[in-house]
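# Per-entry structural report
One letter stands for each residue in the lines below.
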Amino acid sequence: MLSPVILVPAILNGLLTGAVYGLIALGLTLIYGVLHIINFAHGALLTAAMFAAFFAHRVLGLDPYVAAVMLTPLFFALGYCLQRLVIGPAAHGEDRNVLLVTLGLAVVIENLLLYAFGADTRTVNLDYAFKVVDLGIAFLAVPRVVGFGVVLAVALALWLVLSLTDTGKAIRAVAKEKLGAELSGIDVTHIYAITFALGTACLAIAACLLIPTYYVNPHIGNAFVLVAFTIVVLGGMGSVTGALIGGFVIGVVESLCGLYLGESLGQIGIFVIFILVLLLRPSGLLGERA
Amino acid sequence: MSGPSLPHIVLVVAVLATVPLLTVSPVVLNFLVVALLIALVGQGWNVLAGYGGQYSFGHAAFFGTGAYVSAILQMRYGLNAWIAFALGIAGGASVGAAIGALAFRCGLKGSYFALVTLAFAEVLRILASVAPITGAGVGILIALDLRPQAFQFQSRAPLYWIVLALVAIALLIVRLIERSRFGAWLVAVRENEDAARAVGVDTARVKIAAMTISAAITAAGGGFYAQYFLFIDSGIAYGPWISIEALLAPIVGGIGTVFGPLLGALAVKTLGEIAKLVTGGAPGLDLVIYGSVLILVVAFAPQGIAGLLTQLHSRLTRLRSSLPERARG
């Protein structure tokens, strides 16, 4: 059972999957870190992005990696509008209301997709989808390796934006001290919307990285979003590096649980970690809120 | 706090109880049974969230446990359906107490509490979809046995009265809570937990007790579902749909009010039926409408239908009291 011939490929594949998980969690943690809200619509927005990537290929004939260049700004704009026009105004600044509004959005988006496209599972056929890289000890699927590289590049770019640009500095200022930022002339409503937009844009990229090797149906986002919640909680709410590291950890855990427990019970491993982290590290978790 | 008086509850239940005497239409009765079932499940959510301020996104955990415990005891162990139903409620309450004890002793609140309830419901759903005792992917079919002692009936009317009776009991429980010391503690926790603790309220214990009552009421809904539809599987019993229905009804009707879940369930289900008529029952569209209603209610009527009615009432009384003055002037 513990033979390295099985174990090493499982771990490497777990790391590759974990990178994309990390990107999804990155969007979630960024929104949490600045707006202090848990975006329950994250999974539904990912599903929407995967459908967009699917139809970009099916209808327009665009390769998912090319589609990413178009979909990222599109989802950035969508995220901006959602926060500025729907979530912000509807929530009246109350945490509980944000929970309900994002949950409502998730239900609406998911079921609009169900209504429009039916419950069928769809896949794209790409000639490179089954190409592999031979590392000697493991075969790795090319799209996953590309995904890994893109995630690292996106994380680096995001880090640069946050640390070097004026908007990035404003975002960090709002995250640290909202009132102080407001008093020094930062438009908090705008920064909130920009942050939500960045988080949503991460999903567009993640969707384009997933679509070559994954399938899409209206409920696919749920599978990812609970994983993303786990990663965010594990890595520390609001921490960008935490999201990436958490992504790798969860990717490997899922891969190993799947190996030893089977596909459907493999998910249990993630939930158990999730519940344990939530329950056993309340000081770390609630420290953020105080 | 001035909730509805006992005569109000008796009147509403009595009016609803006459429906099967007026019509035998299976469409009408089926609609009302489902609406009352959602009102019951929503009343459970309302105890914890409406009065205690703890928003659960995983009430499916209690609904599903009520349904599965009842169905398993009947079909696998040959227990009487009524006893199985009662034990299902006890099972749901225990799950509520256990999750509540874990979550509240660990100090989880707000979004974290919502997340952990969601996660527990999902864990139970996955377990139920693989464990042999729950029928795994196939689900459990309750064998047809149309005798009152088997909790099955020849016509719909008795089941309608049973679910109405359950709703009536839940209404009385919530009214009792509203007027009790326990209810005052619960509202204190909702309004300001630190202040409540400072004046000596054992906040964790109050929240766990509320979650146990909440889970028991919702589990009764699950047990009733199993007897009414005679089939459950992991997606029905522990699926996210029921967690959403459970919170939608009280929010639309009026969160933290005695009649909110009942009003909300009737309104939401009516809306759903209209949507079905208009669109011809396209899958997903009813849920699109539910989601939109949720956002609109939070945005424009945070107190729900009950809040709108109170506003209307106070406006009318003001109008009435100002009328004589105008007449004189």
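For clarity, every value in this text was computed on a predicted model and none was experimentally measured. (Residues numbered from 1 in each chain as written. Chains lettered and ligands numbered in written order. Predicted model: local features only at pLDDT ≥ 70, side-chain atom pairs only at ≥ 80, totals over all residues.)

## Considerations on the interface of chain B and chain A
The criterion, for reference: Here the contact rule is simple: place C-beta atoms from the backbone, and any two residues whose C-beta atoms are within 7 Å are in contact. For helices the rule is a DSSP run of H or I covering at least 4 residues; for strands it is a run of E covering at least 2, with both sets numbered from the N terminus onward. Residues are grouped as follows: Ala, Val, Leu, Ile, Met, Phe, Trp, Tyr, Cys and Pro are nonpolar; Asp, Glu, Lys and Arg are charged; all remaining types, including Gly, are polar.
Contacts between chain B and chain A engage 34 residues on the former and 34 residues on the latter. Of all the elements, helix 6 (residues 110-130) of chain B adds the most residues to the side of chain B that touches chain A, at 13 residues. Classifying every residue of the side of chain B that touches chain A by side-chain character gives 26 nonpolar, seven polar and one charged.

## Details of the packing of helix 4 (residues 60-77) of chain B against helix 5 (residues 81-105) of chain B
Residue and element names in this part refer to chain B. Condition: Convention adopted: a line fitted to C-alpha atoms gives each axis, helices being fitted over their contacting stretch, and angles between N-to-C directions are expressed from 0 to 180 degrees. The sense of a crossing depends on the near helix, which, turned anticlockwise from the far helix by less than a right angle, makes the crossing left-handed and, turned clockwise, makes it right-handed.
Where helix 4 meets helix 5, the axes come as close as 7 Å, and the angle between the chain directions of the two elements is 145°. The crossing of helix 4 and helix 5 is right-handed. Touching Ala61, Phe62, Thr65, Gly66, Ala67, Val69, Ser70, Leu73 and Gln74 of helix 4 are Ala81, Ala84, Phe85, Leu87, Gly88, Ile89, Gly91, Gly92, Val95, Gly96 and Ile99, all from helix 5. Partitioned by chemical class, the residues of the contact of helix 4 with helix 5 number 12 nonpolar, eight polar and no charged.

## So, helix 7 (residues 157-179) of chain B
All names here are of chain B. What counts is decided by this rule: What a helix is expected to span follows from its residue count: subtract one and scale by 1.5 Å. Each residue is classed by its C-beta neighbour count within 10 Å, where at least 20 other C-beta atoms makes it buried, 12 or fewer makes it exposed, and intermediate counts make it partly exposed; the C-beta atoms are placed from backbone geometry.
End to end, helix 7 covers 33 Å across 23 residues, agreeing with the expected 33 Å (1.5 Å per residue, within 8%). Listed in full, the buried residues belonging to helix 7 are Leu159, Tyr160, Val163, Leu164, Leu166, Val167, Ala168, Ala170, Leu171, Val174, Ile177 and Glu178. Buried residues belonging to helix 7 abut helix 1 (6-17), helix 2 (19-22), helix 3 (26-51), helix 8 (181-191), helix 10 (203-229) and helix 13 (260-279).

## What to know about helix 5 of chain B
The end-to-end C-alpha distance of helix 5 of chain B, which contains 25 residues, comes to 35 Å, matching closely the 36 Å that a straight helix rising 1.5 Å per residue would cover. Of the residues one or two after helix 5 of chain B, B:Gly107 is the one with positive phi, at around 80°.

## Some remarks on the confidence of the model for chain B
Where we set the bar: Confidence of the predictor at the level of single residues is given by pLDDT, which spans 0 to 100.
The share of residues in chain B with pLDDT of 70 or more is 97%, and the mean pLDDT across the chain is 91. The element-level mean pLDDT for chain B is lowest in helix 15 (residues 304-328) of chain B, coming to 80, with helix 10 of chain B highest at 97.

## Quick word on unusual backbone geometry
Residues and elements named next belong to chain B. At Ala136, a position not held by glycine, the phi torsion is positive, near 45°. In this fold, Ala136 is placed in the loop between helix 6 and strand 1 (140-141). Ala136 gets classed as partly exposed once you count the C-beta atoms within 10 Å, which come to 15. Look at Phe151: it is not a glycine, yet its phi comes out positive at around 60°. Within the secondary structure, Phe151 sits in the loop between strand 1 and helix 7.

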